[in-house]
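Chain by chain, the residues run as shown.
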Amino acid sequence: MAEDKVTITDKKTGKTVEAPVVHGTMGPAGIDIRNLQKELGYFTYDPAFMATASCKSAITYIDGDAGILLYRGYPIEQLAKHSSYLEVCYLLLYGELPTPKEMEEFQSIIIDHTMVHEGLRRFYSGFRHDAHPMAIMVGVVGALSAFYHDSTDITDPRHREISAHRLIAKMPSIAADSYKYSIGQPFVYPRNDLGFVENFMRMMFAVPTNEFKAHPKSVKALELILILHADHEQNASTSTVRLASSSGANPFASVAAGIASLWGPAHGGANEAVIRMLEEIKDPKEIAKFIKRAKDKHDPFRLMGFGHRIYKSHDPRAVIIRQMCYDLLKELDTEDAPLFETALELEKVALADDYFIERQLYPNVDYYSGIILKAIGIPLNMFTVIFTMARTVGWIAQWMEMMEDEEQRIGRPRQIYTGHPRRNHPSEK
Ligand code: SDX
């Protein structure tokens, strides 16, 4: 990477400092400000890290203005068209698409790790029966570190790889179990003769009295949803996983922290919130009222599934998912077409409104994904769990990259203190 510099001058003292510029292969360069405090006595101030690069990464590239998303250089549109989710997992983890032999080996490793320790399944019984599956996911995934002591030496690359395989493989089982527990049905064991998505759907919907065979269109739709949600550079939950594990915490506990962050409605919880919003709107004639509320500063209501910190033209994932809605709703006999019509009309009205145009607010990945999930029978409170399942590979790939980055150490941001100056306790003599 080429190196050049910028000069920063403190007008008050006249002091100047030269800061090196760090270039990547694409996208904005960064000013290395690590010496700023020592040389000029200042911190940088960037609440919510709107303009801060926390690391160098070779995994995912986003161009928010052009609406571009690349996983290891491959456009998301091409991966969506040609790859399976496990192939994308391999790509994100190892940096290259697998050869057929590598794919076969990877597939069999993942299949061998799909079962969870029986003790872990007893863990669920501590939750209230109506616990939100995301609450169960946070607890159970964190508990994995109590069961897999044989792969928590994070300094050992082989341990890191085994943990990565375990997390990718076990997430569908843990996710399906969290759903089964919430509806009081017995857990269903994974089967090694089924594909990754088919296996998950069977664990979700099979019951002892009835086998379950997923509709091929549903399997394809869910596979696509998983691919589109697999990674997204330094989003809130990925940054949480990186920060948590920067202290040396094991990957299971760090991914549990990422799940907690993803659950928020401003992040992965938005897909569930979008459906609730569309159901609340009910009739497209009500749309104007909701648009008015979304624009009202005094109303906390936001158009869920709209807006993005980085995408200021369009979220390429939303474009793919919208097309998938058209295709799937035609194929499946589902009563969700009106929901899709409302979503299309709401998007049309919002994108013609100055408020949304001026703020560059477009549908994001969560806007249409819920319609797909609902159409294939995934219950609403499992939508963010599906996002969790998909993003596990992104979190763990970013974790592995961080563990091999010699520039990385424990993350410890500073602050601008705005509290009281030193003062004595009233009882102090
Ligand atoms: C994901 O970071 C990632 O990569 C995340 C993600 C991933 O793959 O990991 O892409 C997944 O989390 C997608 C986002 C899902 N969240 C939602 O759909 C929730 C609704 N959207 C917003 O809350 C919001 O748009 C965010 C959180 C997504 C982005 O927020 P920012 O970048 O902090 O923008 P902001 O809140 O400062 O908004 C800028 C302006 C504000 O108005 P003004 O103060 O300038 O007048 O736009 C307004 C906001 O009020 N605004 C909205 C809005 N989103 C922003 N107004 C109405 N409805 C909205 N949805």
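As a reminder, the structure under discussion sits directly above these lines.
Criteria and thresholds
Residues numbered from 1 in each chain as written. Predicted model: local features only at pLDDT ≥ 70, side-chain atom pairs only at ≥ 80, totals over all residues. Heavy atoms only, no water. Axes fitted to C-alpha atoms, helices over the stretch in contact; angles between N-to-C directions. Helix = DSSP H or I, 4+ residues; strand = E, 2+ residues; numbered from the N terminus. Parallel < 35°, antiparallel > 145°, perpendicular 65-115°, else oblique. Left-handed = near helix turned anticlockwise from the far one by under 90°. Contact = heavy atoms within 4.5 Å. Phe/Tyr/Trp six-rings, centres within 6.5 Å; stacked < 30°, edge-to-face > 60°.

Chemist: Tell me about the packing of helix α7 (residues 157-182) against helix α11 (residues 251-262), residues and numbers included.
Modeler: Contact pair α7 / α11: the axes reach a minimum separation of 10 Å and the direction vectors enclose 45°. Judged by the inter-axis angle, α7 sits oblique to α11. Considering the relative orientation of α7 and α11, their crossing is right-handed. Along its contact with α7, which presents S163, R166, L167 and M171, the element α11 presents P251, F252, V255 and I259.

Chemist: An account of the packing of aromatic side chains is requested, with residue identities and associated values reported.
Modeler: Following the criterion strictly, the structure yields 17 aromatic pairs and no others. When the ring of Y124 is compared with that of F187, the centres are 5.0 Å apart and the planes differ by 65°; the resulting orientation is edge-to-face. Taken together, the residues Y124 in the loop between α5 (118-123) and α6 (133-143) and F187 in the loop between α7 and α8 (196-205) connect sequence positions 63 residues apart. Ring centres 5.0 Å apart and planes at 80° place the aromatic pair Y326 and F340 in the edge-to-face group. Highlighted residues: Y326 in helix α14 (residues 316-331) and F340 in helix α15 (residues 337-351), separated in sequence by 14 residues. Cluster of aromatic residues (ring-pair linked, three or more members): F306, Y326, F340, Y355, F356, Y367 and Y368.

Chemist: Tell me about unusual backbone geometry, and please be specific about residues and values.
Modeler: Phi at F49 is positive, roughly 50°, even though this residue is not glycine. For F49, the position within the fold is in the loop between α1 (36-40) and β4 (60-63). Of note in the backbone geometry, R72 takes a positive phi value of approximately 55° without being a glycine. For R72, the location among the structural elements is in the loop between β5 (68-71) and β6 (74-75).

Spatial relationships are all this shows, so hold off on functional conclusions.
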